[in-house]
Amino acid sequence: MRSTDTLDRIDLNILRILQQDGRIANVELARRVNLSPTPCLERVRRLERDGYIRQYVALLDPEKMERGLAAFIEVRLDRTTPDVFQIFADAVGRMDEIQEAHMVAGGFDYLIKVRVADMAAYRAFLGDKLSSIQGVAQTHTYMVMEEVKNTHVVPVPKG
């Protein structure tokens, strides 16, 4: 994958704008970056092809989707071997409640973010799903009381 050093000011502006509004019309995007529509579309396609743009999505309201309760869970495995890591990763990948899962360095092995309807749904998730994964030795949960910042935006370097 190319680094951002190979992107010019226009490419970086396109990325900034598309992060905020992935549904912007190409004509409007071209106007905002001072290009004609055809070269603008060619740049967007190149950015997609080169992997700078991974996908376009709709961001849903968790409350309206009955997933208003968020929690972060530290997971400690009983062994840190490649097979246990793979078992955990495969199981986590199949769980809709998990929005993010990160292997981390430090006092535990994984930090995961879950979204569920309520505390009863969380209890069921923890007991029936997460804790039953082979190799999970211990979990520690942090319930989200207030979401202070939640963004999908990746900082784009100044061009």
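Residues numbered from 1 in each chain as written. Predicted model: local features only at pLDDT ≥ 70, side-chain atom pairs only at ≥ 80, totals over all residues. Heavy atoms only, no water.

Draft legend 1. A look at the packing of aromatic side chains. According to the stated counting rule, one finds 2 aromatic pairs in the structure shown. Here Phe85 and Tyr110 contribute two aromatic rings whose centre-to-centre distance is 6.2 Å and whose plane-to-plane angle is 75°, an arrangement assigned as edge-to-face. Linking Phe85 in helix 4 (residues 82–93) with Tyr110 in strand 3 (residues 110–116), this pair joins segments that are 25 residues apart in sequence. Overall, the relative accessible area of 6% leaves Tyr110 in the buried class. These aromatic residues form a ring-pair network of at least three members: Phe85, Phe88 and Tyr110. (Phe/Tyr/Trp six-rings, centres within 6.5 Å; stacked < 30°, edge-to-face > 60°. Helix = DSSP H or I, 4+ residues; strand = E, 2+ residues; numbered from the N terminus. Buried < 20%, exposed > 50% of the residue type's maximum accessible area, 1.4 Å probe, protein only.)

Draft legend 2. Representation of the layout of surface pockets in the model. Space inside the largest pocket adds up to approximately 1,500 Å³. Lining the largest pocket are 36 residues, and of these Gln19, Gln55, Val57, Leu59 and His152 lie nearest its centre. Looking at the lining of the largest pocket, the elements with two or more residues in it are helix 1 (9–20), strand 2 (98–103) and strand 3. Sorting elements by how many residues they give to the lining of the largest pocket places helix 1 first, with 5 residues. (1 Å grid on protein atoms, 1.4 Å probe; cavity = no way out; pocket = protein on both sides within 12 Å on 5 of 7 lines; lining within 4 Å. Points joined across faces, edges and corners; volume = space filled by probe spheres on them.)

Draft legend 3. A look at the environment of Gln19. In this structure, Gln19 sits in helix 1. Since its relative accessible area comes to 19%, Gln19 is described here as buried. Spatially, the C-alpha atom of Gln19 lies 38 Å from that of Gln134, the residues being 115 residues apart in sequence. In contact with Gln19, not counting residues within four places along its chain, are His152, Val153, Val154 and Val156. (Contact = heavy atoms within 4.5 Å.)

Draft legend 4. Here's a closer look at the environment of Arg94. With respect to the helices, strands and loops of the structure, Arg94 is situated in the loop between helix 4 and strand 2. Along the primary structure Arg94 and Arg49 are separated by 45 residues, whereas in three dimensions their C-alpha atoms are 28 Å apart.

Draft legend 5. Molecular detail of unusual backbone geometry. Despite not being glycine, Asn34 has its phi angle at roughly 60°, a positive value. The residue Glu66 is not glycine, and still its phi comes out positive at about 60°. With respect to the helices and strands, the residue Glu66 is situated in the loop between helix 3 (37–49) and strand 1 (69–77).

Draft legend 6. Layout of the nonpolar core. Ile73, Val75, Phe88, Val114, Tyr122, Leu130 and Ile133 are the most contacted members of the largest nonpolar core, which totals 21 residues. At the level of elements, strand 1, helix 4, strand 3 and helix 5 (119–129) are the ones that each hand at least two residues to this core. Among the elements that line this core, the one with the most residues is strand 1, at 5 residues. Every residue in contact with Tyr122, bar those within four places of it in the chain, is listed here: Leu69, Ala71, Ile73, Val114, Val116, Thr141 and Met143. Ile14, Ile24, Val44 and Val156 belong to the second largest nonpolar core, which has 17 residues in total. (Core = buried A, V, L, I, M, F, W, Y, C linked by side-chain atoms within 4.5 Å.)

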